Amino acid sequence: QESGLKIRYPLSHTKTMAFATMDLSFLSDPGVFAKGQHAEDDDARGDLQMARSIDIQSFPLAPVSSPYTFCEDVRKHGNAPGLMDFKHGTTTLGFVFKHGIIIAVDSRASMGSYIGSQTVKKVIEINSFLLGTMAGGAADCSFWERHLARLCRMHELRTKERISVAAASKLLANIFFQYKGQGLSCGTMVAGWDKKGPSLYMVDDSGERFKGERFSVGSGSPFAYGVLDSAYDRNMSVEDAVELGRR
Amino acid sequence: LGAEHRLATAPQLDSCRASARNLAMSGYDRAITVFSPDGHLFQVEYALEAVRKGTTTVGVRGKDCVILAVEKRATPKLQDPRTIRKILTVDNDIALAFAGLNADARVLVDKTRIECQSYRLNVEDNPTVDYVARFIARTQQKYTHRGGVRPFGISTLLGGFNTDGVPELYQTDPAGTYYAWKATAIGKNSKSVVDFLEKKYVEDLEEGPALRLALKALLEVTEASGKNIEVVIVRKSGLGWMTEDELDPLLKELDDTADKISKLKETK
């Protein structure tokens, strides 16, 4: 349940923040976080408003005067060095060619030099014709892409038509833009087939969204671009394309 | 007993009105969110009455076009006719004609226009006629659902093309329902117009015949004059308003045919 997500900060940490004008009422009344989800207008919401149905009020924002610059402020404050340095270590890439789209990802989850897992699924099946990749914060990527899957399904049910890749990537980009500056970390590629053929979009946590033929996202991306650019050919066969992705 | 001798109004409507009057006296028609004991939402039904008093509007779906034709009330001498627009553009290729309260139409169409632009912004594609019809219907239904507001007193006819290039005609009403039609009419005397359309409608009409059918249907209940009728032809390439100069000769021709037929009947 979306409203169940809570970010807990140790009290001593927040007390030392100079800029904090905090509302700590949530400590005695956690129900405060559940509001916003069940407005009377809920079922009357249109398709577009559904995309924002995870209301900003229902996610507990940092209890400070300026939640939108929270991460930057913590870094600047210097009181908790390294707290906001989320560690990443991924390489994902995707390219469009004559027969479709190849997505290639590595399967390691790491936190700095610590390897969390070697068998992570970094490709998320949004639906049977849309894929999303994961780079950056694993939780952010997987949660929001699963939310995107929900929105895509609602679109299909309402309009009796599959959602276009442009629309799906736009929904995701708008969500990221809404949370811009609050510490989401996610670089994802949305790839799929729709009426216009195969499309690949790169969507990022700052709300940027680009359509393109070749993308690579993650800490290993400069290396991936090198390999990709040298051997890419739009008319290559499926086997060659798979081999290029693997390389 | 008096009901037997009435020709124009349907007998069911009279009995409905009679029962409505009885129940209305008990106050079930005042608050919109209150059902009557026999399941009526009176305010919604009264809104439909307002629509029935509005100007006649006809829509016909052809093979690759949608024709919307409306009756324009005669403009007073001192009024600028250019300010009276009965068929409105909702999006690039979607036209809306309505019957009912002009002011309500203006407000509802404005909301719809904003929604169409939002859709373009968020989905990077044209909204389909189905989507727009659903939005209008949802908005109209919202206003039947809460206290302190009244329903929109309009029914709309939406004409446009969907993404596969197929023409579509939708109707919405104050209750918040929406239907797709091959051809229909709303407003004053719409029943006789719909009866005419049911008899004369043929599938896959070309633009010319579809236009003639729409105009002939409208002429069943309206005076044949370019000043009285506004027509929009919705094509895949966009919307086309017919000018008075284009309309007048066509109307004259169609009107003559009707007269000829009646003359033939008289001689027989």
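Residues numbered from 1 in each chain as written. Chains lettered and ligands numbered in written order. Predicted model: local features only at pLDDT ≥ 70, side-chain atom pairs only at ≥ 80, totals over all residues. Heavy atoms only, no water.

Q: Just checking my understanding: could you explain the overall build of chain B for this structure?
A: Each helix and strand counted, chain B has 7 helices and 10 strands in total. Pairs at least 24 apart in sequence give 63% of the contacts found in chain B among residues at least 6 apart. (Helix = DSSP H or I, 4+ residues; strand = E, 2+ residues; numbered from the N terminus. Contact = heavy atoms within 4.5 Å.)

Q: So what exactly am I meant to see when it comes to the pairing of strand β2 (residues 65-71) of chain B here?
A: If a strand is regular, its side chains alternate between the two faces of the sheet. Residues and elements named next belong to chain B. Most of β2 is tucked away, with 7 of its 7 residues classed as buried. On β2, burial covers both faces: Cys65, Ile67, Ala69 and Glu71 on one face and Val66, Leu68 and Val70 on the other are all buried. When strand β1 (residues 57-61) meets β2, the two strands line up antiparallel, connected through 5 bridges. Considered in β2, the bridge of Val60 is made with Ile67. Pairing geometry for β2 and strand β9 (residues 229-235), over 7 bridges, is antiparallel. (Buried < 20%, exposed > 50% of the residue type's maximum accessible area, 1.4 Å probe, protein only. Pairing = 2+ DSSP bridges.)

Q: I would appreciate a short explanation of unusual backbone geometry in the present structure.
A: It is generally the case that most residues other than glycine have a negative phi and that most peptide bonds are trans. All names here are of chain B. Here the phi dihedral of Glu124 falls at roughly 60°; this positive angle occurs in a residue that is not glycine. Note on placement: Glu124 falls in the loop between α3 (102-123) and α4 (129-142). Since its relative accessible area comes to 34%, Glu124 is described here as partly exposed. Even without glycine at this site, Asp204 takes up a positive phi of about 55°. Structurally, the position occupied by Asp204 is in the loop between α5 (190-200) and α6 (207-219).

Q: What should I look at first to understand the UniProt feature "active site" (unreviewed entry) in chain A in this one?
A: Residues given the UniProt feature "active site" (unreviewed entry) here are Thr90 of chain A. On the secondary structure map, Thr90 of chain A appears in the loop between α3 (70-77) and β1 (91-97). (UniProt positions renumbered as here; feature names shortened; annotations may be inferred.)

Q: Just checking my understanding: could you explain the packing of aromatic side chains for this structure?
A: Where two aromatic rings form a pair, the distance of their centres and the angle of their planes describe that pair. Residues and elements named next belong to chain A. All chains considered together, the criterion is met by 8 aromatic pairs over all chains. With 5.4 Å between their ring centres and 45° between their planes, Trp144 and Tyr179 make a pair best called tilted. With a gap of 35 residues between them, Trp144 in helix α4 (residues 138-159) and Tyr179 in the loop between α5 (165-178) and β7 (187-194) connect regions that are remote in the sequence. Comparing Trp144 with Tyr179 shows no difference in burial state: the two are buried. Taken together, the ring pairs connect Phe95, Phe97 and Tyr232 into an aromatic cluster. (Phe/Tyr/Trp six-rings, centres within 6.5 Å; stacked < 30°, edge-to-face > 60°.)

Q: Looking at this structure, I do not really get the interface of chain A and chain B. What am I missing?
A: One frequently used descriptor of interface size is the decrease in accessible area upon assembly of the parts. Contacts between the two partners involve 20 residues from chain A and, on the opposite side, 15 residues from chain B. When chain A packs against chain B, close to 1400 Å² is buried across both sides, 39% of that on carbon and sulfur atoms. Our count for the chain A to chain B interface comes out at 3 salt bridges. For Glu124 of chain B, the salt bridge goes to Lys170 of chain A, with nearest N and O atoms at 3.5 Å. Sorting the residues of the side of chain A that touches chain B by element identifies α2 (47-50), α4 and α5 of chain A as the ones contributing at least two each. Top element by residues in the side of chain A that touches chain B is α5 of chain A. It accounts for 4 residues. Across the side of chain A that touches chain B, the residue classes tally to 5 nonpolar, 5 polar and 10 charged. (Buried area = accessible area lost by both parts, 1.4 Å probe. Salt bridge = Lys/Arg side-chain N within 4 Å of Asp/Glu carboxyl O. Nonpolar A, V, L, I, M, F, W, Y, C, P; charged D, E, K, R; others polar.)

Q: When you look at α5 of chain B in this model, what are you seeing that I'm missing?
A: All names here are of chain B. The set of residues buried in α5 consists of Ser190, Val193, Val194, Phe196 and Leu197. Viewed end-on, α5 has its buried residues packed into an arc of 160°, placing them on one side of the element. Of the exposed residues in α5, those oriented more than 90 degrees away from the buried face are Lys191, Glu198 and Lys199. Tucked into the core, α5 has its buried residues touching β1, β8 (183-186) and α6. (Arc of directions from axis to C-beta.)

Q: Honestly, the sheet that holds strand β2 (residues 100-105) of chain A in this entry has me stumped. Any pointers?
A: As a general point, the strands of a sheet are linked pairwise by backbone hydrogen bonds and lie either parallel or antiparallel. Residue and element names in this part refer to chain A. Spatially, β2-β1-β10 is the arrangement adopted by the 3 strands of the open sheet, whose pairing is antiparallel. Only two strands of the sheet have a single partner each, and these edge strands are β2 and β10 (214-218). Pairs of neighbouring strands in the sheet enclose a mean axial angle of 10°, with direction left out of account. Across 6 bridges, β1 lies against β2 in antiparallel orientation. Directly across from Leu93, in β2, lies its bridge partner Ala104. (Axes fitted to C-alpha atoms, helices over the stretch in contact; angles between N-to-C directions.)

Q: Explanation requested: the environment of Gly159 of chain B in the structure shown.
A: All names here are of chain B. Locating Gly159 in the fold gives a position in strand β5 (residues 154-161). A residue is classified by how much of its surface remains accessible, and Gly159, at 0% relative accessible area, is buried. Through-space distance from the C-alpha of Gly159 to that of Thr172 is 12 Å; in sequence the pair is 13 residues apart. Residues within four places of Gly159 in sequence aside, it is in contact with Val66, Leu68, Asp93, Ile94, Ala95, Glu168 and Val234.

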